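Notes for the structure review
As a plain string of letters, each chain reads:
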Amino acid sequence: MTALLQVQDLHVAYGGIQAVKGVSLEVFEGELVSLIGANGAGKTTTLKALTGLQPVAAGEIGFLGQAVRGQGAWDLARAGLVMVPEGRGTFTRMSVDENLLMGAYTRRRSEVREVAADIDNVFALFPRLKERRRQLAGTLSGGEQQMLAMGRALMARPKVLLLDEPSMGLSPLMVDKIFEVVADIHRRGVTVLLVEQNASRALALADRAYVMDSGVITMTGAGGELLNDPRVRAAYLGG
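My aim in this report is to walk through the structure given alongside it, one point at a time. This is a predicted model, so every value here is computed, not measured. (Residues numbered from 1 in each chain as written. Predicted model: local features only at pLDDT ≥ 70, side-chain atom pairs only at ≥ 80, totals over all residues. Heavy atoms only, no water.)

A count of helices and strands for the protein chain gives 10 helices and 10 strands. Whereas a compact globule of 239 residues would reach a radius of gyration of roughly 18 Å, the protein chain reaches 17 Å, a difference of no more than 12%. Its C-alpha atoms put the protein chain at 45 × 40 × 35 Å along the principal axes. In the protein chain, buried positions account for 50% of the 239 residues. The contacts in the protein chain between residues at least 6 apart in sequence include a share of 68% that link residues at least 24 apart. (Helix = DSSP H or I, 4+ residues; strand = E, 2+ residues; numbered from the N terminus. Rg over C-alpha atoms; globule rule 2.2 N^0.38 Å. Buried < 20%, exposed > 50% of the residue type's maximum accessible area, 1.4 Å probe, protein only. Contact = heavy atoms within 4.5 Å.)

Below, the structure is given as C-alpha cells:
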C-alpha cells in the first residue's frame, strides 16, 4: 500500500504549553484509520496541524510523497487533504446547495458536469439534504449540519478525508446515521482519518487505529485488536 499521509515526530505548542509531543502516524491509501483519546488528548490539534490551520513547532508532514509542513490550508485542501472540522463549520447564511458548491471551489471551471454529478452523489448519500437544498444551513438541525459539512468536504474529491468528532453532540439515532455514512464513504474508496471520542464506534470501523493520551501516541494496532484490548476497554470503553 502507498502511504498518502505520513507524520513524523510532530510537535505543536500553544505558547509554552506542549499540546502535541512527538506524534508519528501513517495513513495508507484506501484505509480508514481512527485516532481516539480522551478530551484534551491533542487529537484536534493534530488535525489542525496536518491541515495547515495550526503552526507546527517541530516534525515533518508528508502528503502524497511531498513535504507539506508550513503549507497553507488552501493549498492542502486543493491538493486533496480535506477536513470536516469539529463543530461542522457550515456557512450558516448560505443554502445547502451553496455550501456544497463552496466545497467544489478549488475545482476547475471545466468540471461543471462532474460537480453537478457529485452534488447528486451527495444527495444520494444524504437524502435529507436534497429535501432541504434551498434552505439556509443555519436553520438545519445539528445532525443535518454535520451531513452538510461531510457532503461539502466530499465535493472537493479528497484524497484523504479528515473527520474531527463527527458524532459530537448528536442524538443516538443521528450518531448511527453518521457512522453508517462514514463506513459507506470508506467503502466507496475514500481514505479516511477519523478523530472520535466514541472509541467503540471508531475502533469498530477502523482498519488501524492510534490511541492518543496527553499529546503522545500510546498504542497502535488493528481496530479490532484495540477494541478488544483490556487496557483500551478500561480507559475508553467502560471496562
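On we go.
On to a nonpolar patch on the surface, then. On the surface, a nonpolar cluster with roughly 430 Å² of combined accessible area is contributed by Trp74, Phe91, Met102 and Tyr105. Within the element layout of this structure, tyrosine 105 appears in the loop between helix 3 (96-103) and helix 4 (112-125). Residue class for tyrosine 105 comes out exposed when judged on its relative accessible area of 56%. (Patch = residues over 30% accessible without salt bridge, like charges linked within 9 Å, V, L, I, M, F, W, Y side chains within 5 Å. Areas by Shrake-Rupley, 256 points an atom, 1.4 Å probe, with all protein chains shown as cover. Salt bridge = Lys/Arg side-chain N within 4 Å of Asp/Glu carboxyl O.)

What follows concerns the packing of helix 3 against helix 4. In helix packing, the relevant descriptors are the interaxial angle and the interaxial distance, both defined with respect to the helix axes. It is at 11 Å that the axes of helix 3 and helix 4 come closest, and there the two elements cross at 125°. As the angle between them shows, helix 3 and helix 4 are arranged oblique. In the packing of helix 3 onto helix 4, the handedness of the crossing is right-handed. Taking contact as the criterion, the partners of Val96, Asp97, Leu100 and Leu101 in helix 3 are, on helix 4, Val115, Ile119, Val122 and Phe123. (Axes fitted to C-alpha atoms, helices over the stretch in contact; angles between N-to-C directions. Parallel < 35°, antiparallel > 145°, perpendicular 65-115°, else oblique. Left-handed = near helix turned anticlockwise from the far one by under 90°.)

Now for the sheet that holds strand 2 (residues 17-28). Across the sheet, which stays open at both edges, the 4 strands sit in the order 2-1-4-5 with antiparallel pairing between neighbours. Only two strands of the sheet have a single neighbouring strand rather than two, namely strand 2 and strand 5 (66-67). Helix 1 (residues 43-50) rests against strand 1 (3-14), strand 2 and strand 4 (58-63) of the sheet, and its axis sits at about 115° to strand 1. (Pairing = 2+ DSSP bridges.)

A few words on the pairing of strand 6 (residues 81-84). The side chains of a regular strand alternate, residue by residue, between the two faces of the sheet. Residues Leu81 and Met83 line one face of strand 6 and the alternating positions Val82 and Val84 line the opposite face, and both faces are buried. Pairing between strand 6 and strand 7 (residues 160-164): 4 bridges, direction parallel. Note on strand 7: the bridge partner recorded for valine 84 is leucine 163.

Relative orientation of the contacting elements helix 3 and helix 6 (residues 142-154) amounts to 35°, with a least axis distance of 7 Å. When you trace helix 3 past helix 6, the crossing you get is right-handed. Between helix 3 and helix 6, the residues in contact are Val96, Asn99, Leu100 and Gly103 and Leu148, Gly151 and Arg152, respectively.

This paragraph deals with the nonpolar core. Nonpolar side chains tend toward joint burial in soluble globular proteins. Of all hydrophobic cores here, the largest spans 46 residues; its most connected members are Leu100, Phe126, Leu129, Met150, Leu161, Leu163 and Ile185. Per-element tally for this core: the top contributor is helix 7 (residues 172-187), with 7 residues. Non-local contacts of isoleucine 185, meaning those with residues more than four positions away in its chain, are made with Leu125, Met150, Leu154, Leu161, Val190 and Val192. In this structure, Val20, Val33, Val68 and Leu162 belong to the second largest nonpolar core, which totals 29 residues. (Core = buried A, V, L, I, M, F, W, Y, C linked by side-chain atoms within 4.5 Å.)

Next up on the list: the side chain of aspartate 164. Residue position: aspartate 164 is located in strand 7. Buried within the structure, aspartate 164 lacks any salt-bridge partner; lysine 48 is the closest side chain of opposite charge, at an N-O distance of 6.7 Å. There is a polar contact of 3.0 Å between the side chain of aspartate 164 and the side chain of threonine 44. (Lys, Arg positive; Asp, Glu negative; His and termini not counted. Polar contact = N/O pair within 3.5 Å; in protein donor to acceptor, adjacent residues only side chain to side chain.)

This next bit is on the environment of valine 96. Inspection of the secondary structure assignment puts valine 96 in helix 3. As for valine 96 and arginine 133, which are separated by 37 residues in sequence, their C-alpha atoms are 4.7 Å apart. Not counting residues within four places of it along the chain, the set of residues in contact with valine 96 comprises Phe123, Leu129, Arg132, Arg133, Gln135, Leu140 and Leu148.

Take the pattern of salt bridges next. Scanning all chains against the criterion turns up 12 salt bridges. Of the charged contacts, one joins glutamate 144 and arginine 128 as a salt bridge, the two residues approaching to 3.9 Å between their closest N and O atoms. Highlighted residues: glutamate 144 in helix 6 and arginine 128 in helix 5 (residues 127-131), separated in sequence by 16 residues. For arginine 128, a relative accessible area of 35% translates into the label partly exposed. Arginine 132 serves as the salt-bridge partner of glutamate 131, at 3.1 Å between the closest nitrogen and oxygen. A relative accessible area of 23% means that arginine 132 is categorised as partly exposed. One salt-bridge network, in which partners are shared between bridges, spans Arg128, Glu131, Arg132 and Glu144.

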